[in-house]
Amino acid sequence: MFPDLDSLTYNLNHRHRGHCVIFNQENFDECLSLNTRTNSSLDVEFMVTLFKDLGFIVRAFVDLRLKEIKDILEDLAVDTDHTDCDAMVIVFMSHGGEDVLYARDHQFHSDLLFKPFSGDECETLVGKPKIFFIQGGRGESLEEGVKLNETRILKTKRRAVSIPSKHVGAESPCGGHPLKSNMEKKDFHVSSLADFLICWSTVDGYYSWRNTNTGSWFIQALAHVLARDCWRDDVLSLMISTARHMMKFSSKNPVIGQKKQMPHFSSTLTKKMYFYPKATYPHIEDEEVD
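Basis of the calculations
- Residues numbered from 1 in each chain as written.
- Predicted model: local features only at pLDDT ≥ 70, side-chain atom pairs only at ≥ 80, totals over all residues.
- Heavy atoms only, no water.
- Helix = DSSP H or I, 4+ residues; strand = E, 2+ residues; numbered from the N terminus.
- Buried < 20%, exposed > 50% of the residue type's maximum accessible area, 1.4 Å probe, protein only.
- Contact = heavy atoms within 4.5 Å.
- Lys, Arg positive; Asp, Glu negative; His and termini not counted.
- Salt bridge = Lys/Arg side-chain N within 4 Å of Asp/Glu carboxyl O.
- Polar contact = N/O pair within 3.5 Å; in protein donor to acceptor, adjacent residues only side chain to side chain.
- Pairing = 2+ DSSP bridges.
- Axes fitted to C-alpha atoms, helices over the stretch in contact; angles between N-to-C directions.
- Core = buried A, V, L, I, M, F, W, Y, C linked by side-chain atoms within 4.5 Å.
- Phe/Tyr/Trp six-rings, centres within 6.5 Å; stacked < 30°, edge-to-face > 60°.

### Things to note about the environment of Cys20
- One can find Cys20 in strand β1 (residues 16–24).
- Relative accessible area serves as the criterion here: at 0%, Cys20 is assigned to the buried category.
- Look past the residues within four positions of Cys20 in its chain and what remains in contact with it is Phe51, Phe56, Ile57, Val58, Arg59 and Val89.

### A closer look at the side chain of Asp195
- Along the chain, Asp195 turns up in the loop between α4 (150–162) and β8 (196–200).
- For the buried residue Asp195, which engages in no salt bridge, the nearest side chain bearing the opposite charge is Lys130, 4.4 Å off.
- A polar contact is formed between the side chain of Asp195 and the backbone nitrogen of Gly127, at a distance of 3.5 Å.
- In terms of polar contacts, Asp195 uses its side chain to reach the side chain of Thr270, at 2.9 Å.

### Quick notes on the sheet that holds strand β2 (residues 57–62)
- A sheet is described by the order of its strands in space; here six strands give the open sequence β2-β1-β3-β7-β8-β11, paired in mixed fashion. A single partner strand is all that each edge strand has here, and the edge strands are β2 and β11 (264–267). Pairs of neighbouring strands in the sheet enclose a mean axial angle of 10°, with direction left out of account.
- Alignment of β8 against β11, held across four bridges, turns out to be antiparallel. Counterpart to Leu197 in the pairing with β11 is Ser267.
- The sheet contacts of helix α1 (residues 41–53) involve β1, β2, β3 (85–93) and β7 (130–135), and relative to β3 the element is tilted by about 175°.

### Remarks on the nonpolar core
- Judged by nonpolar contacts, the single largest core of 40 residues is most densely connected at Ile22, Met47, Phe51, Phe133 and Phe275.
- Taken together, the elements giving at least two residues each to this core come down to β1, α1, β2, β3, β7, β8, α5 (217–229) and α6 (235–246).
- Sort the elements by how many residues they give to this core and α5 lands first, with eight residues.
- Beyond its immediate sequence surroundings of up to four residues, Phe133 is in contact with Phe51, Val89, Ile90, Val91, Phe92, Cys199, Phe218, Leu222 and Met239.
- One finds Ile72, Phe108, Phe114 and Ile134 within the second-largest nonpolar core, a separate group that totals 26 residues.

### Topic: the sheet that holds strand β6 (residues 107–109)
- Pairing is antiparallel across the open sheet formed by three strands, whose spatial order is β4-β5-β6. The two strands at the open ends of the sheet, each matched to only one other strand, are β4 (96–97) and β6.

### Comments concerning the environment of Gln220
- Looking at the secondary structure, you find Gln220 in helix α5.
- Remark: the alpha-carbon pair of Gln220 and Thr242, spanning 22 residues in sequence, is separated by 9.3 Å.
- Ignoring sequence-local partners within four residues, the contact set of Gln220 consists of Phe46, Thr214, Gly215 and Phe249.

### Side note on the packing of aromatic side chains
- Counted according to the given criterion, the structure contains 14 aromatic pairs.
- Ring centres of Phe51 and Phe56 lie 5.7 Å apart, and the angle between their planes is 80°; this geometry places the pair in the edge-to-face category. Like Phe56, Phe51 is buried.
- Ring geometry for Phe92 versus Phe108: centroids 5.6 Å apart, planes at 90°, classification edge-to-face. Taken together, the positions of Phe92 in strand β3 and Phe108 in strand β6 put the pair 16 residues apart, joining distant regions of the chain.
- Exposure remark for Phe92: the relative accessible area of 0% places this residue in the buried category.
- By relative accessible area, which is 5% here, Phe108 ends up buried.

This is the structure we're talking about:
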């Protein structure tokens, strides 16, 4: 079925919301010299509850080896028919580094999560949102944050008001007229990289924080914001709200002092995506959680 290129929102009227697969790596082989992600099961509980409530068919996997992860991704991309689904979600939680994530036994390039679902690899997800949430460090840098005071904020506001913008009232290069499409719904090409949303817990190069008692900062914020606002806001607005909510978090480590963290997302979504209420199918959703 061809995607409707004129619609401003994704089609959410399929029979199922879609599949959500959650990977959590808590323990690692000794050869990797990585710390155990103690109590990371808290994050799994947050994500399973959230996405079941949003109507997804949820499966969760813990401490998988790289080959097992590849097999599950292949099954989801090649052997699963997404024709009757609105979207797909993958949550991956582990240790990470610059462009790498960790399975139980090996590190791997993060692209391994995304490539199986490009349009030329997974035809039944063409034109549908493919959403990834990744909890994991992306480097060793610690974000210091910046301390604001009232005087500084007031000065910033005055400066913004007093400097006119040459762009105010500028005319659109297209004259403000929408481009018309003469495309017929026959043979046509769409980008194989369209309709992805990749949400990282932190900016590239930086550390990602996790509290062993309450869970990862990013996962806590994501679960809170989506549960509160998902019926109202589109998914990009939800990610902005998640970033704003994370501004409230600060590390309380007496040795290194207060540190901050800011999530990052990249999008090739072509429409707005909403998590409107949807009927669920218990006989499908209650699959065994590994």
